[in-house]
Amino acid sequence: SKKQLWLSQERYVTKVLQRFNMLEAKPVGSTLPTNCRLSSKQSPRTKPEKADMMKVPYASTVGSLMYAMVCTRPDIGYVVGVVSRFMSYPGKEHWNAVKWILRYLKGTSNMCLQFGSVKPQLDSYTDSDMSADVDTGRSTSGYVMTYARGAVSWQSRLQKTVALSTTKAEYMAAVEAGKEILWMKDFIGELGIRQDEYRLYCDSQSAIHLAKNTRYHSRMKHIQRRYHWIRERVEDRVFALTKIHMDENGLDMLTKVLTPDKLEACRKRIGLTRHSMPE
């Protein structure tokens, strides 16, 4: 009657918490502590430490978190990506981070993606966090596509090369988002859905200028040619790269750890809300 749709994994999250003995754990409001900096240096070094970690179901727990993240929980996309980097040699700090994520899910198990109540339209957002990875210095790219104000596609992953500035990091993130726009545009086109214009929102004015400037510049010669693909797409008006204020982007949760208040604001912008599913 409200012409709305909700997608929930509340029962799945409860089963995961029960499987790993976290059903009675104390909930937390953030996906990770804001001062948490995980690195490979925290991996076990001695045989006793390695033996202790062999008893921990690290890989299976992270795999369970990945399934929730891929289906309906973009809010844990960044932190799941972080803990998954240490699947081969996890340490106690890495395991504590995984348990923290489970505690976060305990307090937000009724979170679900909400669609509807507005005119259906595909909107795209991109962002990056400069040099987020402690071990490699690479930046994290993130994007989310929303339709009818609910997230339908999202990604958070390390960039393939080290960016030398925030502008380059944002520019490379926009390229990955642009490729996803083309796929989504073709997909909804096959469903018979058309819209006048497709927009990719970015909070970096410098990255937008770089995408619209086709002239050669010596300061940009180190950027691989494949990243300049976005210039042709913008010039051909396949989609428009549009400035958005960083407070309205809602993608910070896919590129960094946030405080509970900021995390809640990001969740609302992509249609992630609390809702009690009927039995």
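Everything below is about the structure shown above.
Notes on the structure follow. (Residues numbered from 1 in each chain as written. Predicted model: local features only at pLDDT ≥ 70, side-chain atom pairs only at ≥ 80, totals over all residues. Heavy atoms only, no water.)

### Looking at the pattern of salt bridges
Inference 1: Summed over all chains, the structure comprises 7 salt bridges.
Inference 2: Here Arg233 ties to Asp236 by a salt bridge, and the two come within 3.9 Å at their closest N and O atoms.
Inference 3: In this structure Arg233 comes out as buried when scored by relative accessible area, which is 15%.
Inference 4: A salt bridge links Arg267 to Glu264; the nearest nitrogen and oxygen atoms lie 2.2 Å apart. Of this pair, Arg267 and Glu264 both sit in helix α9 (residues 260-269), 3 residues apart, which is roughly one turn of that helix. (Salt bridge = Lys/Arg side-chain N within 4 Å of Asp/Glu carboxyl O. Buried < 20%, exposed > 50% of the residue type's maximum accessible area, 1.4 Å probe, protein only. Helix = DSSP H or I, 4+ residues; strand = E, 2+ residues; numbered from the N terminus.)

### Points about a nonpolar patch on the surface
Inference 1: Where nonpolar side chains cluster on the molecular surface, the patch consists of Trp183, Phe187 and Leu191 and spans about 350 Å² of accessible area.
Inference 2: Mapped onto the fold, Phe187 is located in helix α6 (residues 166-190).
Inference 3: Of the residues examined, Phe187 reaches a relative accessible area of 37% and is grouped as partly exposed. (Patch = residues over 30% accessible without salt bridge, like charges linked within 9 Å, V, L, I, M, F, W, Y side chains within 5 Å. Areas by Shrake-Rupley, 256 points an atom, 1.4 Å probe, with all protein chains shown as cover.)

### Concerning the environment of Lys50
Inference 1: Take Lys50: it is sitting in helix α2 (residues 47-54).
Inference 2: Not counting the four nearest positions on each side in its chain, Lys50 is found in contact with Pro44 and Arg45. (Contact = heavy atoms within 4.5 Å.)

### Quick look at the layout of surface pockets
Inference 1: In this structure, the largest pocket encloses a volume near 330 Å³.
Inference 2: If you trace the largest pocket, you find 18 residues lining it, with Met69, Gly77, Gln155, Ser156 and Arg157 closest to the centre.
Inference 3: Counting only elements with at least two residues in the lining of the largest pocket, the list comes to α3 (58-71), α4 (77-83) and β5 (150-158).
Inference 4: When the residues that make up the lining of the largest pocket are grouped by side-chain class, the tally is 9 nonpolar, 7 polar and 2 charged.
Inference 5: In this model, the second largest pocket occupies a volume close to 280 Å³.
Inference 6: Looking at the second largest pocket, it is lined by 16 residues, and the ones nearest its centre are Val118, Ala148, Arg149, Lys268 and Arg269.
Inference 7: Only β2 (111-116), β3 (122-129) and α9 provide two or more residues apiece to the lining of the second largest pocket. (1 Å grid on protein atoms, 1.4 Å probe; cavity = no way out; pocket = protein on both sides within 12 Å on 5 of 7 lines; lining within 4 Å. Points joined across faces, edges and corners; volume = space filled by probe spheres on them. Nonpolar A, V, L, I, M, F, W, Y, C, P; charged D, E, K, R; others polar.)

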